[in-house]
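# Summary of the model geometry
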Amino acid sequence: MNNIEILANKDFQLLISFVVALFITVTAIPVIINISRLKDLMAEIKSRSSHKKLTPTLGGVAIFAATLITYFIWDNPQEGHDLHLTISAIIILFFLGIKDDILILSPKKKLLIQIAASILVISLGNLQISNLYGLLGLTHLSYNVGLFITIFIFISLINAINLIDGIDGLAGSVGLFASLMFAYLFYTLGMYAQSTLAMALSGSLLGFLRYNWSTKNKIFMGDTGSLIVGFLLSYFAIKYVVVNNNYLVNPSLTKDAPLFALAILILPVFDTLRMFFIRIMEGKSPFEGDRKHLHHVLIDIGFSHKMATAVLLAFNISIVSLFTYLSNYRKESNNQLLLYLVIVFALYCIISYLLSKKIDKALVDRVKFRDVNKVERLRINETQDSNNEKKALN
């Protein structure tokens, strides 16, 4: 086998995509960390934060660059216009995230841009949910209903990934697992362009996790990273559902694509639903931040960041495994599978409530998480630099 044949081998392409994205991210992040420290581009320490030190927050830059650079190495003739538009959309979200990480944007502006990016892919790329696979007795959807549901899925998943990005490693680990799952699913369907993009994303996330777990050179993915990861996972989920529409006439397709995509992303979906219910019941805005997420609860009862992430990731993986068993071996119907997921969600909420009651609020010290005035830090840094220069001259 010559070099050209090796490069044309799709298995080789997927493996190299993962490795190259990993290498680019691991190489780029130390540079981003140094620049962030020099320019004071650090995450603010707030009352609901789980970190205690000023930390660079532009890890999403490396994720974005590594994913796209790796994807564009290859010739993917079957990629389709919707994937072109997806890349255009994440470029838009990249600049949105950068601005929000550095200058802070209002939630309304962020939401409007997320909707615009979603509509770009849905309308021009003709990527829209049109079939609910018999869930609750619904099959084919009208254009307007399908459009609304698809936009809702995009916006919900984008923000769900953002909401679980509250402790070290959680959003990155869930994104890594989900992207690997979608890479495999697209590979089995012969959709190598989507599989390559998913492998590139997973490689970049693994490289990011190397530093997100670090104690000396820690970095966060920031809104830049969570927006990009959330949008790509949304695209993968919707694309997987859409391509399986003809499951009744094509035995190679699956009848439970919507629920399987949901199972892959079960943790961010459950966390978001639970928090919205809690805030509405308390008379608060569903978009108001707090420390009632399950990952925050685990931290406040004494779990380390790594242990909390491991527990939640294990939950996500176990749900996918259970779903696979029920669907492939028990041959459960979609409505039965949906009922099981509802029961699991109820148990998730009950366990979260019981764990939250174990928090000793007297020991959860919020004083050390006071807001840090960025302008004052810059003034102090400039004074120190000036004093150092004077000492050097003397």
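Our structure's up above, just so we're on the same page.
Let me begin by describing the structure that accompanies this report. Keep in mind that what you see is a predicted model, and the values were worked out from it rather than measured.

Rules of the game
Every chain begins its residue count from 1, and numbering advances along the sequence as written. Local features in a predicted model are, by the rule used here, given only for residues with pLDDT of at least 70; side-chain atom pairs are given and counted only at 80 or more, and totals for whole chains, interfaces and linings are based on all residues. Side-chain figures throughout are based on the complete set of non-hydrogen atoms in the structure, without hydrogens or water. By nonpolar core we mean a set of buried residues, namely Ala, Val, Leu, Ile, Met, Phe, Trp, Tyr and Cys, connected to one another through side-chain atoms within 4.5 Å. Exposure categories follow from relative accessible area, calculated using a 1.4 Å probe and restricted to protein chains: below 20% of the type maximum is buried, above 50% is exposed, and the middle band is partly exposed. A run of H or I in DSSP counts as a helix once it spans at least four residues, and a run of E counts as a strand once it spans at least two, with each numbered from the N terminus. Any two residues whose heavy atoms approach within 4.5 Å at even a single point are treated as in contact. Every definition here rests on a 1 Å grid over the protein atoms only: cavities are sets of points where a 1.4 Å probe fits but cannot get out, pockets are open sets enclosed by protein on both sides within 12 Å along at least five of seven lines, and lining residues have some atom within 4 Å of a point. Grid points are joined across faces, edges and corners, and a volume is the space filled by probe spheres set on the points. Polar here means any residue other than Ala, Val, Leu, Ile, Met, Phe, Trp, Tyr, Cys and Pro, which are nonpolar, and Asp, Glu, Lys and Arg, which are charged; Gly is therefore polar. Only the stretch in contact is used when fitting a helix axis, every axis being a line fitted to C-alpha atoms; angles between N-to-C directions are given from 0 to 180 degrees. Here roughly perpendicular refers to angles of 65 to 115 degrees, roughly parallel to angles under 35, roughly antiparallel to angles over 145, and oblique to all remaining angles. Definitions for this section: a left-handed crossing has its near helix turned counterclockwise from the far helix by less than a right angle. A right-handed crossing has that turn clockwise. Should a side-chain nitrogen of Lys or Arg be within 4 Å of a carboxyl oxygen of Asp or Glu, the pair is scored as a salt bridge. In this scheme Phe, Tyr and Trp rings, the latter by its six-membered ring, pair at centre separations within 6.5 Å, and the angle between planes marks the pair as stacked below 30 degrees, edge-to-face above 60, and tilted otherwise. Whether a charge lies above a ring is judged from NZ of Lys or CZ of Arg, which has to be within 6 Å of the ring centre and within 35 degrees of the ring normal.

## Some remarks on the nonpolar core
Among the nonpolar cores identified, the biggest contains 106 residues, and Phe 182, Phe 231, Leu 233, Phe 236, Ile 264 and Leu 265 are the most heavily contacted of them. A per-element tally of this core places helix 9 (residues 222-243) first, with 13 residues. The residues contacting Leu 265, other than those within four sequence positions of it, are Leu 157, Ala 178, Phe 182, Leu 233, Ala 237 and Asn 316.

## Details of the environment of Ser 352
Locating Ser 352 in the fold gives a position in helix 14 (residues 334-356). Ser 352 has contacts with Arg 274, Leu 294 and Val 297, leaving out every residue within four places of it along the chain.

## Focus on empty space enclosed by the protein
In this structure the tally under the stated criterion is 2 cavities of 30 Å³ or more. Its boundaries defined by the atoms lining it, the largest cavity holds a volume of some 60 Å³. What lines the largest cavity is simply Ile 319, Leu 322, Phe 323, Leu 326, Leu 337, Tyr 340, Leu 341 and Val 344. If you list the elements that add at least two residues to the lining of the largest cavity, you get helix 13 (305-328) and helix 14. For the lining of the largest cavity, the residue count by class is 8 nonpolar, no polar and no charged. There is about 30 Å³ of room inside the second largest cavity. Every residue lining the second largest cavity is listed: Ile 164, Leu 170, Leu 267, Asp 271, Leu 294, His 295, Leu 312 and Tyr 348. Of all elements in the fold, only helix 11 (266-281) and helix 12 (294-300) reach the threshold of two or more residues within the lining of the second largest cavity. Along the lines of polarity and charge, the residues of the lining of the second largest cavity split into 6 nonpolar, 1 polar and 1 charged.

## Regarding the packing of helix 7 (residues 170-188) against helix 8 (residues 192-212)
Viewed as axis vectors pointing N to C, helix 7 and helix 8 meet at an angle of 160°, and their least axial separation amounts to 8 Å. Between helix 7 and helix 8, the crossing angle belongs to the class labelled roughly antiparallel. For helix 7 against helix 8, the interelement crossing comes out left-handed. On helix 8, the residues touching Gly 172, Ser 173, Gly 175, Leu 176, Ser 179, Leu 180, Phe 182, Ala 183, Phe 186 and Tyr 187 of helix 7 are Tyr 192, Gln 194, Ser 195, Ala 198, Met 199, Leu 201, Ser 202, Leu 205, Leu 206 and Leu 209. Grouping the amino acids of the contact of helix 7 with helix 8 by side-chain chemistry returns 13 nonpolar, 7 polar and no charged.

## Quick word on the pattern of salt bridges
If you walk through the whole model with that rule in mind, you get 8 salt bridges. One salt bridge connects Glu 282 with Lys 292, and the closest N-O pair in it is separated by 2.4 Å. Of this pair, Glu 282 sits in the loop between helix 11 and helix 12 while Lys 292 sits in the loop between helix 11 and helix 12, placing them 10 residues apart in sequence. The salt bridge involving Arg 330 is made with Glu 332; its shortest N-O contact spans 3.1 Å. One network of salt bridges, with partners in common, ties together Asp 100, Lys 110 and Asp 223.

## Observations concerning the packing of aromatic side chains
Each aromatic ring pair is characterised by the separation of its centres together with the angle its planes make. Summed over all chains, the structure comprises 19 aromatic pairs. The aromatic ring of Tyr 211 is capped on one face by Arg 210, whose charged end is 4.4 Å from the ring centroid.

## Regarding helix 10 (residues 257-264)
Taking burial as the measure, the 8 residues of helix 10 include 7 buried ones, the bulk of the element. Of the residues making up helix 10, those classed as buried are Ala 257, Pro 258, Leu 259, Phe 260, Ala 261, Ala 263 and Ile 264. On its buried face, helix 10 is in contact with helix 7, helix 9, helix 11, helix 13 and helix 14.

## Let's talk about unusual backbone geometry
What you tend to see is this: most non-glycine residues have negative phi, and most peptide bonds are trans. At Ile 104, a position not held by glycine, the phi torsion is positive, near 75°. Structurally, the position occupied by Ile 104 is in the loop between helix 4 (81-102) and helix 5 (107-124). When its relative accessible area of 60% is taken as the criterion, Ile 104 is described as exposed. Despite not being glycine, Asn 126 shows a phi value in the positive range, around 50°. Within the secondary structure layout, Asn 126 lies in the loop between helix 5 and helix 6 (143-163).

What is shown is where atoms sit, not what they do.
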